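Take a look at the letters that make up each chain.
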Amino acid sequence: MKLADRWNLTGRTALVTGCTSGIGLAIGDELRDLGATVIGVARNESRLRDWWQARPGSRGIAGDVTRSDDRARIFAGIDRLDILINNAGTNIRKPATEYTDEEYAHLRTANQDSVFAMCRAAYPLLQAAGEAAVVNMVSVAAFHVLGTGAPYAMSKAAVVQLTRALASEWARDGIRVNAVAPWYIRTPLAEPVLNDPARLAAILARTPAGRIGEPAEVAAATAFLCMPAASYITGQCLAVDGGFGVSPVFG
């Protein structure tokens, strides 16, 4: 395969959940710039309309990935799929003893159950593609205690293990499954933390790169895992963390 063919996504169709803001927005744009046809999924229909109308060649399907009827409708409108990006997710930050049962169930459903369901729903299309890629967005909270909230960390750790299991199970179908684990990235979800000077200082102190990451940097790593250039990479979790995972505890 020629070098140029290994490093682009021309002719491929990608589904990106949570595509209208933050990391999902950056991923959709990155994949599109690399030649993919992007199908964006988001709950807010008006924002989704603004998203696809500003991106010729892309299209949007409004839906909530936590709902089985919405998932069925999403996939009913797709006849080809080469790439699935499970990016949609949320968080509620509080001590473990303060979560209500409803909040815990919401986080588990949004961050964990929906990813499993989206992977299963996409499987026939990915299998038919012959060479396909799934990238699940997780977090360094899957591996480190960050104070982000126990249910969030649990759900992201579960998706890391799901990624490994599906990578092994689906390799025979030509489907690669990987995950990307960001540290703090400048997104709307992270704003409440990054706007707190004390917390921001603590984050930067644990980040060898000395700054907050940008959505485009997560998007670049995600796109790489979708490319033919990454054809022998599956079952991995790539940290995009500015060195957080190797930062010294002291000194």
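The rules behind each value
Residues numbered from 1 in each chain as written. Predicted model: local features only at pLDDT ≥ 70, side-chain atom pairs only at ≥ 80, totals over all residues. Heavy atoms only, no water. Pairing = 2+ DSSP bridges. Helix = DSSP H or I, 4+ residues; strand = E, 2+ residues; numbered from the N terminus. Axes fitted to C-alpha atoms, helices over the stretch in contact; angles between N-to-C directions. Contact = heavy atoms within 4.5 Å. Core = buried A, V, L, I, M, F, W, Y, C linked by side-chain atoms within 4.5 Å. Buried < 20%, exposed > 50% of the residue type's maximum accessible area, 1.4 Å probe, protein only. Phe/Tyr/Trp six-rings, centres within 6.5 Å; stacked < 30°, edge-to-face > 60°. Lys NZ or Arg CZ within 6 Å of the ring centre and 35° of its normal. Polar contact = N/O pair within 3.5 Å; in protein donor to acceptor, adjacent residues only side chain to side chain.

Trainee: Mind laying out the sheet that holds strand E5 (residues 132-137), listing which residues take part and the relevant values?
Mentor: Judged by pairing direction, the sheet is parallel, and its seven strands sit side by side in the order E3-E2-E1-E4-E5-E6-E7 without closing on themselves. The open sheet has two edge strands with one neighbour each: strand E3 (59-62) and strand E7 (237-240). Between one strand axis and the next, the sheet turns by 20 degrees as a mean value, whatever way the strands run. For E5 and strand E6 (residues 175-182), the ladder comprises six bridges, and the chain directions are parallel. Its bridge partner being in E6, Met 137 is matched across the sheet by Val 180. Across the face of the sheet, helix H3 (residues 45-53) comes into contact with strand E2 (37-42) and E3 while running at roughly 170 degrees to E3. Across the sheet, helix H9 (residues 215-226) is in contact with strand E4 (83-86), E5, E6 and E7; its angle to E6 comes to roughly 165 degrees.

Trainee: Now, about the nonpolar core: what can you tell me, with residues and values included?
Mentor: Within the largest apolar cluster, 39 residues are counted, with the highest numbers of intra-cluster contacts made by Leu 15, Ile 74, Phe 75, Ile 78, Leu 81 and Tyr 184. Of all the elements in the fold, those that place two or more residues in this core are E2, helix H4 (68-76), helix H5 (101-129), E5, helix H6 (150-170), E6 and helix H7 (191-194). With sequence-adjacent residues up to four places away left out, Phe 75 is seen in contact with Leu 15, Leu 81, Met 118, Ala 121, Ala 122 and Leu 125. Among the nonpolar cores identified, the runner-up in size contains 29 residues, and Ala 26, Leu 31, Leu 48 and Ala 62 belong to it.

Trainee: Lay out the packing of aromatic side chains in plain terms, naming residues and giving numbers.
Mentor: For the structure on display, the rule yields four aromatic pairs. Geometrically, the ring pair formed by Trp 7 and Phe 224 is stacked, given 5.9 Å between the ring centres and 25 degrees between the ring planes. Of the two residues, Trp 7 sits in the loop between helix H1 (3-6) and strand E1 (13-17) while Phe 224 sits in helix H9, which places them 217 residues apart along the sequence. Exposure remark for Trp 7: the relative accessible area of 43% places this residue in the partly exposed category. Ring centres of Tyr 123 and Trp 170 lie 4.9 Å apart, and the angle between their planes is 40 degrees; on these two criteria the pair is classed as tilted. Highlighted residues: Tyr 123 in helix H5 and Trp 170 in helix H6, separated in sequence by 47 residues. Through a chain of ring-to-ring contacts, the aromatic side chains of Trp 183, Tyr 184 and Phe 244 assemble into a single cluster. Directly above the ring of Tyr 99 sits Lys 94, whose terminal nitrogen or CZ lies 6.0 Å from the centroid.

Trainee: Kindly report on the side chain of Asn 111, identifying the contributing residues and their values.
Mentor: Along the chain, the position of Asn 111 falls in helix H5. Residue classification places Asn 111 among the buried residues on the basis of a relative accessible area of 2%. A distance of 2.9 Å separates the side chain of Asn 111 from the backbone nitrogen of Thr 90, its partner in a polar contact. Setting aside anything within four residues of it in sequence, one finds Asn 111 in contact with Gly 89, Thr 90, Tyr 152, Ser 155, Lys 156 and Val 159.

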